[in-house]
Amino acid sequence: MGLNDQLSQPGQMYGDMVQVASVDSVINWGRSYSLWPYPFATACCGIEYMSASCSDYDIARFGAERPSFSPRQADMILVLGTITYKMAPVLREIYDQLSEPKFVISYGACASSGGMFHAYSVLQGIDRILPVDLYVPGCPPRPEALLDAVIKLQEKVKTQGLEARRQEVMSKIREINERNKPLVVR
């Protein structure tokens, strides 16, 4: 039975090849494999990110191969390295300019908790200013850890709808604003 025979019988040619899905699940599947990262690299974790983009690890296999250095063309920010209090407003402004829905990966001990720098000038975790989706531990983490984080973020994007994502981000931002309220002494 050739292709012409199959095409002459409309409705029969699909057989077991048809899959039924909701529009949301198809859109989420497409979004999960087209994450465009904005790498905010400030220290040695940036070098590990660069190696994850090279041919040995090839982040392109997961649809995150296009680093965007314009926040308006990115939907995921990778915070790689130490963040100081002087950089924090700039990082928050970049986050606010990302396209919706936006995702945050905190890569390394310095971005996640300040690392070994317990100084007055170092932000002790970017979760004080940004709603973080995934934390990647290590000093510096291996490139495989970044690939694992991208895979976990893809699973989150596939299963979470836009409204659920919006609600999650808004609740995290409310928590951040509540935690960062200035202390008023009367």
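Residues numbered from 1 in each chain as written. Predicted model: local features only at pLDDT ≥ 70, side-chain atom pairs only at ≥ 80, totals over all residues. Heavy atoms only, no water.

A. View of the UniProt feature "binding site: [4Fe-4S] cluster" (unreviewed entry) in the protein chain. Taking the numbering used here, the UniProt-annotated feature "binding site: [4Fe-4S] cluster" (unreviewed entry) corresponds to Cys44, Cys45, Cys110 and Cys139. Taking the farthest pair of C-alpha atoms as the criterion, the annotated set spanning 96 residues converges on one region, since that pair is 9.9 Å apart. Narrowing the list just given to those that line the largest cavity leaves Cys44, Cys45, Cys110 and Cys139. Within the secondary structure, Cys44 sits in the loop between strand S1 (37–41) and helix H3 (45–53). Overall, Cys44 belongs to the partly exposed group, its relative accessible area being 42%. Topologically, Cys110 is positioned in helix H5 (residues 109–113). Residues within four places of Cys110 in sequence aside, it is in contact with Gly81, Thr82, Gly115, Phe117 and Leu123. (UniProt positions renumbered as here; feature names shortened; annotations may be inferred. 1 Å grid on protein atoms, 1.4 Å probe; cavity = no way out; pocket = protein on both sides within 12 Å on 5 of 7 lines; lining within 4 Å. Helix = DSSP H or I, 4+ residues; strand = E, 2+ residues; numbered from the N terminus. Buried < 20%, exposed > 50% of the residue type's maximum accessible area, 1.4 Å probe, protein only. Contact = heavy atoms within 4.5 Å.)

B. Spotlight on the environment of His118. Inspection of the secondary structure puts His118 in the loop between H5 and strand S4 (134–136). Polar contacts involving the side chain of His118 include one to the main-chain carbonyl oxygen of Gly115, which spans 3.5 Å. (Polar contact = N/O pair within 3.5 Å; in protein donor to acceptor, adjacent residues only side chain to side chain.)

C. Summary view of helix H2 (residues 23–32). Listing the buried residues of H2 in full gives Asn28, Arg31 and Ser32. Projected onto a plane normal to the axis of H2, the buried residues spread over an arc of 95° and lie on a single side. H2 presents Val23 and Trp29 as exposed residues on the side facing more than 90 degrees away from its buried surface. Elements that come into contact with the buried residues of H2 comprise strand S3 (103–107), helix H6 (143–159) and helix H7 (162–179). (Arc of directions from axis to C-beta.)

D. Focus on unusual backbone geometry. The omega angle of the peptide bond from Glu100 to Pro101 is -15°, so this bond is cis rather than trans. Looking at the element boundaries, Pro101 is found in the loop between helix H4 (88–97) and S3. Following Cys139, the chain continues to Pro140 via a peptide bond in cis, the omega torsion being -20°. Relative to the assigned elements, Pro140 resides in the loop between S4 and H6. At Asp58, a position not held by glycine, the phi torsion is positive, near 55°. Secondary-structure assignment places Asp58 in the loop between H3 and strand S2 (76–80).

E. Quick peek at the pairing of S3. Most of S3 sits out of view: five of its five residues are buried. Where burial is concerned, the two faces of S3 agree: the one with Phe103, Ile105 and Tyr107 and the one with Val104 and Ser106 are both buried. Here S2 runs beside S3; their pairing, made up of five bridges, is parallel. Looking across to S3, one finds that Met76 is bridged to Phe103. For the crossover that starts at S2, traverses H4 and ends in the parallel S3, the hand is right-handed. Here S3 pairs with S4 via three bridges, running parallel. (Pairing = 2+ DSSP bridges. Right-handed = clockwise from strand over helix to strand, strands pointing away.)

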